[in-house]
Amino acid sequence: MSDDSEQYGFDTLAVRAGQQRTAEGEQSEPIFPTSSYVFKSAAQAAARFSGDEPGNIYSRFTNPTVRTFEQRLAALEGGERCVATASGMAAISATCLALLQTGDHIVSSRSVFGTTVVLFEKYINKFGVEVSFVPLTDYSAWEKAIRPETRFLFLETPSNPLTETADISRLAQLAHDHGCLLVVDNCFCTPALQQPLSLGADIVIHSATKYIDGQGRCIGGAVVGPEDLVGQDVYGVIRTAGFSMSPFNAWVFLKGLETLKLRMHAHSKNAAELATWLQEQSCVGKVHFPGLPGHPQHELATRQQQDYGGVLSFEIKGGKEQAWTVIDATQLISITANLGDAKSTITHPATTTHGRLTPEARTSAGISDGLIRIAVGLEDVGDLKKDLSRGFRQLG
Ligand SMILES: *Cc1c(COP(=O)(O)O)cnc(C)c1O
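Residues numbered from 1 in each chain as written. Predicted model: local features only at pLDDT ≥ 70, side-chain atom pairs only at ≥ 80, totals over all residues. Heavy atoms only, no water.

Here's the deal with the domain arrangement of the protein
When the parts come together, some accessible area is lost, and that loss is often what is quoted as the size of the interface. When the domains of the protein are assigned, the result is domain 1 (7–258) and domain 2 (260–394). One C-alpha centre belongs to domain 1, the other to domain 2, and the line joining them spans 27 Å. The partner domain 2 presents 38 residues to the 38 residues of domain 1 that form the contact. For the pair domain 1 and domain 2, the two sides together bury roughly 3000 Å², of which 56% comes from carbon and sulfur. When the area that domain 1 buries against domain 2 is broken down by residue, the three leading residues are Leu-162, Leu-193 and Tyr-211, summing to 26%. In this structure, the connection of domain 1 to domain 2 is made through one salt bridge. With a closest N to O distance of 2.9 Å, Lys-261 and Asp-11 form a salt bridge. Put simply, domain 1 and domain 2 have 18 residue pairs in polar contact (both at pLDDT 80 or more) between them. No other element matches helix H8 (residues 190–193), which puts four residues into the side of domain 1 that touches domain 2. Grouping the constituent residues of the side of domain 1 that touches domain 2 by class yields 17 nonpolar, 14 polar and seven charged. (Domains from an automatic or database assignment. Contact = heavy atoms within 4.5 Å. Buried area = accessible area lost by both parts, 1.4 Å probe. Salt bridge = Lys/Arg side-chain N within 4 Å of Asp/Glu carboxyl O. Polar contact = N/O pair within 3.5 Å; in protein donor to acceptor, adjacent residues only side chain to side chain. Helix = DSSP H or I, 4+ residues; strand = E, 2+ residues; numbered from the N terminus. Nonpolar A, V, L, I, M, F, W, Y, C, P; charged D, E, K, R; others polar.)

Focus on the sheet that holds strand S2 (residues 105–109)
Judged by pairing direction, the sheet is mixed, and its seven strands sit side by side in the order S1-S7-S6-S5-S4-S2-S3 without closing on themselves. Where the open sheet ends on each side, the last strands, each with one partner, are strand S1 (81–85) and strand S3 (130–134). Within this sheet the neighbouring strands show an average axis-to-axis angle of 20°, counted without direction. Bridge analysis of S1 against strand S7 (residues 221–225) gives five bridges, and the strand direction is antiparallel. The residue bridging Val-83 from the neighbouring strand is Val-223, located in S7. Contacting S1, strand S6 (203–207) and S7, helix H3 (residues 64–77) crosses the sheet at an angle of about 130° to S1. With respect to the sheet, helix H7 (residues 168–177) is in contact with strand S4 (150–156) and strand S5 (181–185), its orientation differing from that of S5 by roughly 150°. (Pairing = 2+ DSSP bridges. Axes fitted to C-alpha atoms, helices over the stretch in contact; angles between N-to-C directions.)

Re the nonpolar core
Nonpolar side chains tend toward joint burial in soluble globular proteins. In this structure, Phe-69, Leu-73, Ile-212, Met-245, Phe-253 and Leu-257 are the most contacted members of the largest nonpolar core, which totals 35 residues. At the level of secondary structure, the elements contributing two or more residues to this core comprise helix H1 (10–16), H3, S1, H8, S7, helix H10 (247–258) and helix H11 (260–279). Viewed by domain, this core spans two of them, domain 1 (7–258) and domain 2 (260–394), each represented by three or more residues. If we skip the residues at most four places from it in the chain, Phe-253 touches Phe-69, Ala-208, Thr-209, Ile-212, Asp-213, Cys-218, Ile-219, Gly-220 and Met-245. Ranked by size, the runner-up nonpolar core spans 33 residues in total, among them Val-112, Ile-203, Leu-229 and Val-234. (Core = buried A, V, L, I, M, F, W, Y, C linked by side-chain atoms within 4.5 Å. Buried < 20%, exposed > 50% of the residue type's maximum accessible area, 1.4 Å probe, protein only.)

Considering the pairing of S5
Most of S5 sits inside the fold, with five of its five residues counted as buried. Residues of S5 alternate between two faces, with Leu-181, Val-183 and Asp-185 on one and Leu-182 and Val-184 on the opposite face, all of them buried. Of the strand pairs in this sheet, S4 and S5 are connected by five bridges, and their pairing is parallel. Bridging from a neighbouring strand, Leu-155 pairs with Val-184 of S5. Where the polypeptide runs from S4 across H7 and back to S5, its parallel neighbour, the crossover connection is right-handed. (Right-handed = clockwise from strand over helix to strand, strands pointing away.)

Overview of the sheet that holds strand S10 (residues 334–335)
One open sheet accounts for five strands, arranged S8-S9-S12-S11-S10; its pairing is mixed. A strand with exactly one partner marks an edge of an open sheet, and here the two such strands are strand S8 (284–288) and S10. Inspection of the sheet shows strand S9 (residues 311–316) paired to strand S12 (residues 371–375) by five bridges, in the antiparallel sense. Residue pairing for S12: Leu-312 is matched across the bridge by Ile-374. Contacting S8, S9 and S12, H11 runs over the sheet at an angle of about 10° to S9.

What about the site of the ligand?
Around the ligand lies a shell formed by Ser-87, Gly-88, Met-89, Phe-113, Glu-156, Asp-185, Cys-187, Ser-207, Thr-209, Lys-210 and Gly-220. Thr-209 places a polar side-chain atom, nitrogen or oxygen, 2.6 Å from an oxygen atom of the ligand. Separating an oxygen atom of the ligand from a side-chain N or O atom of Lys-210 is a distance of 2.6 Å. Taking 380 Å² as the accessible area of the ligand by itself, protein coverage stands at 92%. Of the residues assigned to the shell around the ligand, the class counts are three nonpolar, five polar and three charged. (Near = heavy atom within 4 Å. Areas by Shrake-Rupley, 256 points an atom, 1.4 Å probe, with all protein chains shown as cover.)

As structure tokens, this is what we get:
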């Protein structure tokens, strides 16, 4: 794309940003499955290694297909730089290794991806970095938890599986008032529905495995933000520690970005229809979805997001036995913990993603035994309703 790419709209950037057509004149972006690159001479090799001449050396450092994905995602998030990683967890790990040192402290929402909690508590902690967990929407708890040595605040919004929504601008202000950074895992909304950097966040994290892929094929991740923090510090960790993304996966993800906005609105529309229907079912208690007028942060989600996303959860009256009955009666919806797929998925958080927590910790996190999460896919919603009705009928 030409130099005036800054002037293009989101939809154009999603389809074209980052592409550099080769001499072959290909219309679709090529995959470069090569581990290293050939130099014209010993002198050129020396110049590349010393950094005097820019260019490819080795695919742990740079790869043209990965670069296309990075430039496209950076354009969509409105960030200066994006660096791709082998997984979403590699993106969070690289960010921690780049930004933290012994004696530092971080504050994290307690409603973050389970493996992120393990990373912070078991591994990052090992290097003398302390972590405090706070309830996502309790702003005074965030403020109280901040210390002079706090380096960043970390959150996901909406949260998983209860879809609680936090005010990104407010937390960015709080972070900056105390001289720390705000890091947002934007996996659930993607830039198609929410751009945290434009709301004041400093760094955006992605698990590309989810909606960016969109069809459940590849594992990958990304970090987006300013040139110094991401282009220098985080990139330095990735090329050294080896968290790099494969060119094939980058190609799947960059093609995924082309249809991301269409898919996110379709997921959101299906989820909204299913959530409304679930509210009318006699065996269903609370339904958690930011698009419902009764959701505690409905107004904030409406202001902060372009749509409400594809994830919802709901409480089956009774407990685990009743929830498992509904899950086991499905014939269409996949019983799997992944999300962001064209195929709808169903999980029982209390015995899977949140199974490691003590019953008390689960209760305080709001994960009841009757809670079911659905990542609503792109099927006909009528068929999803029929699939859930099978189990609802068994409950009588
Ligand atoms: C899945 C997920 C991750 C981790 O991503 P992987 O690609 O599985 O490593 C991080 N954050 C959120 C919100 C996720 O859903």
